[in-house]
Amino acid sequence: MTHHPVTTALAVLSALVACGPAIGDEPVGSLAKAFAGKYRIGVAISTGLVTNPRPAADALIRHQFNSATPENLLKWENVHPDKDRYDFGPADRFVAFGKENDLFLVGHTLVWHSQTPAWVFESAPGVPATREQLLTTMRDHIYNVAGRYAGQIGGWDVVNEALNDDGTLRDSPWRRIIGDDYLEFAFKYAQEADPAAELYYNDYSMHLAAKRDGAVRLVDKLKQAGCRVDAIGMQSHYGMGHPQASEVEASIEALAEAAGKVAITELDINVLPWPSNIAGADVGQSAAASPRLNPYRDGLPAAKQAELAERYAMFFRLYNHHADVIDRVTFWGLDDGRSWHNGWPVRGRTAHSLLFDRSLAPKPAFDAVLRTATETP
Ligand code: XIL
């Protein structure tokens, strides 16, 4: 059977359109589809994108990702700003967007020392809460937040950043007031609030040997206490020179051994100079702005783009190699314009940390990551 050339051209065209957004004449592949047999591909969605949706950003999310984490809107200070007031508006919209687009939703986060209002830890202004009071506050919060989205949010970062880099427990108000067993209560309450949700422990700098060992001890202890931990989250806020692939690999192996699964929960690679006083990804840190710390205001030079692409590809080769224990890889932001690196740890910088640029166009790093999905190891 012969086809009329115009009919054939139209068929080809509609096939290209069906593949998703096209840049110029090139159809753009989908990360979610390319990695579908390996792990989920997630994106952190900013509050702005939920309260003020942008059709182009929504289309990109739909095409590229099959999981989403709210970047801020489920954090305590946003969802539960005052003792007797919850603000579920943005979270409800996030959950509806996830449902419409068939995304696996991750709740971030229930118990953390940052972005948590002072009232949580006080019985009256300036008066510390007692252990019993704080446990009640924690339980009510978890029941109300995780309970509200039971069956809709598939997994929770139950506790975020409980460890110091040396593997000991961070001296957070949670620990100071409740004691070392606060994590057991958090996991227990989360399981009660939504028995079907997956429960995660999440932290940064998990490639550090001492922190990795601390996380293994922590999860072992939680399990001994009868808690379920379904995966350990490695945030994975990386730089161009650190960490080494071998450190990351050792942690994937050790953490998967402890919990069964690992999730890469907040991946980004910062190409900007690292201020000397900053380590890890504690949101409480900051450094003064200077032109030296903001070298790529007018765009990332081609050589740096290529270096970033190669570094992303290197991590994805590692993830592919360990795909049997990796549940999900989530990028911390949709595009460079929305990356938290524009404001942290130095305000007002021009970040280039993600796979899509400020106009939502895929960068060389996108192609490099996509290619790893079909490479033979
Ligand atoms: C960051 C957000 O991206 C910023 O918008 C916000 O101002 C501060 O928090 N580790 C985490 C995330 O677990 O919640 C942090 O997100 C980045 C570091």
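Just so it is clear, the model here is predicted, and its values are computed rather than measured.

1. Looking at the packing of aromatic side chains
Any aromatic ring pair is given by two values, namely how distant the centres are and how the planes are angled relative to each other.
Right, on to step 1. Enumeration over the complete set of coordinates arrives at 18 aromatic pairs.
Right, on to step 2. Geometrically, the ring pair formed by F35 and Y39 is stacked, given 5.4 Å between the ring centres and 15° between the ring planes. For the pair F35 and Y39, a shared accessibility class is recorded, and that class is buried.
Right, on to step 3. Both rings, one in F316 and one in F331, keep their centres 5.9 Å apart while their planes meet at 15°; by these two values the pair is stacked. Taken together, the residues F316 in helix α12 (residues 302-321) and F331 in strand β13 (residues 326-331) connect sequence positions 15 residues apart. With respect to burial, F316 and F331 carry one shared label: buried.
Right, on to step 4. Three or more aromatic residues joined by ring pairs form one cluster here, namely F35, Y39, F65, Y312, F316, Y319 and F331.
Right, on to step 5. The ring of F104 has R40 sitting right over it, with the charged end atom 3.8 Å from the ring centre.
Right, on to step 6. One Lys or Arg, R139, reaches over the ring of Y143 and ends 6.0 Å from the middle of that ring.

2. A few points about the environment of R228
Right, on to step 1. Within the element layout of this structure, R228 appears in the loop between α10 (209-224) and β10 (231-234).
Right, on to step 2. Residues R228 and A146, spaced 82 residues apart in sequence, show a C-alpha to C-alpha distance of 16 Å.
Right, on to step 3. Separated by 2.8 Å, the side chains of R228 and D230 make a polar contact.

3. What to know about the packing of α10 against helix α11 (residues 245-259)
Right, on to step 1. The interhelical angle for the contact between α10 and α11, taken along N-to-C directions, is 10°, at an axis separation of 9 Å. Compared by their axis directions, α10 and α11 come out roughly parallel. Where α10 approaches α11, its residues R212, A215, V216, V219, D220 and K223 are matched on the opposing element by E247, A250, S251, A254, L255, A258 and A259.
Right, on to step 2. Here the residues of the contact of α10 with α11 sort into eight nonpolar, one polar and four charged.

How each quantity is defined
- Residues numbered from 1 in each chain as written.
- Predicted model: local features only at pLDDT ≥ 70, side-chain atom pairs only at ≥ 80, totals over all residues.
- Heavy atoms only, no water.
- Phe/Tyr/Trp six-rings, centres within 6.5 Å; stacked < 30°, edge-to-face > 60°.
- Buried < 20%, exposed > 50% of the residue type's maximum accessible area, 1.4 Å probe, protein only.
- Helix = DSSP H or I, 4+ residues; strand = E, 2+ residues; numbered from the N terminus.
- Lys NZ or Arg CZ within 6 Å of the ring centre and 35° of its normal.
- Polar contact = N/O pair within 3.5 Å; in protein donor to acceptor, adjacent residues only side chain to side chain.
- Axes fitted to C-alpha atoms, helices over the stretch in contact; angles between N-to-C directions.
- Parallel < 35°, antiparallel > 145°, perpendicular 65-115°, else oblique.
- Contact = heavy atoms within 4.5 Å.
- Nonpolar A, V, L, I, M, F, W, Y, C, P; charged D, E, K, R; others polar.

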